[in-house]
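# A look at the structure
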Amino acid sequence: ESVGGNGLRPNNFYHGTSVEAAWSIQANGFDAARSGKNAGALLGPGVYCTATLDKAMDYAKSVRIVHGVEVSRNPAGGIIFELQADLGRCKTLAAGDAMMKTWQQHGYDSAWAPQGANRRNLAENCIKDPARITIVRTIPGDTSELKAMGMLVRPDGRLVMAGDEAAAAAGGSGGRKRKREPPAVDAELWELLREWKLEDVADELANEGIKHVLVLDQELLQADVEQLTVGRIHKKRLCKLLAHLHAARQERDEQERLKNADVKQVLTRMLAEPVSAQVQCEGCEQLKKLGRAAPDKKTAIAAEGGIPVVLAAMKAHAGDAEMLVQGCRVLANIAFKNDGKKTAIEAAGGIPVVLAAMKMHKGHANVQWKGCCALTNLAFNGDNTTAIVASGGIPVVLVAMTAHTWHAGVQEVGCRALSNLT
């Protein structure tokens, strides 16, 4: 379903467009809402590009056939941008794919439609977020025609007006990049800004008194970003960086809290209030987080009798889908890469409980997803594999995948479960 981070997929792409649109893109960056106007209906909103230069040339020229001859609609044969792009999580779209126009809503960063997978019969990529794209250079369709229009492409790959370039050559400032002064921010923040392609924001941040990563994280609000005198793309990237820093800080705080948490206290509370679905659900969520925080916590959950407590909660609250989601997550986490705990879960009757949850909530995608996760991890054990198959586990997984073809998690983990069971 998705293209992984392997060395086979390309990083360099091409985007063909008109000269007029190229000026706008160079000044303001790609606009996903406007990009791909000729092909936008094929893969939905995003920035369209291709790994094949001649296909980009078709878009740049906007070719039409007149008396059997190809004629370019765009002056100077248009412009082709050579790009470097991070595809992230990439969806491969087959012909007639149900996600052809909606992959953006299912956690994918980009999509790839191979040749023949769309009505234009052209292989192409669509990238959801323009911030993942960097323009490497500009390639004119027809250099002489571009010159006649008063434009040229500089050696550094930028499209400029010929008059500005002439002024720069004569000692003027037009068309010449200002020499970058040493950054006014500290080295750590400068490296972070470079990583996020935000070097041009450094001086602006320094003027606001933000010269350190800690100050950026704690004092600059996303609402304040709109007041900065930087471009729209830079503002968008900066907001993403702030969100990333905030999430990282929350994760650190949560990890610190979990280090000091007590598994026994969580289980004691769950045992004290077995009829409360909320207490059981919160308890399972805490156990899941504790188990992921450190290996010793996972061991403590099993040693303190956590497996039967979780299974009892899933049985007592079988009608509560969210409770079952959290319960399956705990079981999947405990079973991960631990043969002894896989056996303990099976011995406590965990396999029938997971399958019962999936059968009762066939329409709940997250129950199916996390149920498949639990089955996948439990099946890395010969005896458990036999038990799951004997209990009808394979049909349950197939039903889940059939009912939730749109859910990437169900499809991915369902395939893993079937692979482990067959």
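Above this text you will find the structure in question.
Note that the structure is predicted; figures quoted are calculated from it, not measured. (Residues numbered from 1 in each chain as written. Predicted model: local features only at pLDDT ≥ 70, side-chain atom pairs only at ≥ 80, totals over all residues. Heavy atoms only, no water.)

What follows deals with the nonpolar core. Counting 47 residues, the largest nonpolar core has M270, L287 and M314 as its most contacted members. A total of eight residues in this core trace back to one element, the largest contributor, which is helix α15 (residues 321-335). Those residues within four positions of M314 in sequence are excluded, and the remaining contacts are M323, L324, G327, C328, L331 and V353. Formed by 23 residues, the second largest nonpolar core is a distinct cluster that contains L193, A202, L241 and L242. (Core = buried A, V, L, I, M, F, W, Y, C linked by side-chain atoms within 4.5 Å. Buried < 20%, exposed > 50% of the residue type's maximum accessible area, 1.4 Å probe, protein only. Helix = DSSP H or I, 4+ residues; strand = E, 2+ residues; numbered from the N terminus. Contact = heavy atoms within 4.5 Å.)

For the rest of this paragraph, the subject is the sheet that holds strand β6 (residues 79-85). Read across the sheet, three strands follow the order β2-β6-β10 without closing on themselves; strand pairing throughout is antiparallel. Both outer strands of the open sheet, β2 (12-17) and β10 (133-140), are each paired with one neighbouring strand and no more. Taking the axes of each pair of neighbouring strands and ignoring which way they run, one obtains an average angle of 30 degrees across the sheet. This element, helix α1 (residues 19-28), spans β2, β6 and β10 of the sheet and lies at about 125 degrees to β2. Running over the sheet, helix α3 (residues 53-61) touches β2 and β6 and is turned about 20 degrees from β2. (Pairing = 2+ DSSP bridges. Axes fitted to C-alpha atoms, helices over the stretch in contact; angles between N-to-C directions.)

Next up on the list: the packing of aromatic side chains. Under the criterion given, the structure shown has one aromatic pair. With a centroid separation of 6.3 Å and an interplanar angle of 80 degrees, the aromatic rings of F30 and F81 are classed as edge-to-face. A residue pair is termed long-range when its members are at least 10 positions apart, and F30 in the loop between α1 and α2 (40-43) and F81 in strand β6 qualify at 51 residues. In this structure, F30 and F81 share a single accessibility class: buried. Lying over the aromatic face of Y108, R89 brings its terminal NZ or CZ to 4.3 Å of the ring centre. (Phe/Tyr/Trp six-rings, centres within 6.5 Å; stacked < 30°, edge-to-face > 60°. Lys NZ or Arg CZ within 6 Å of the ring centre and 35° of its normal.)

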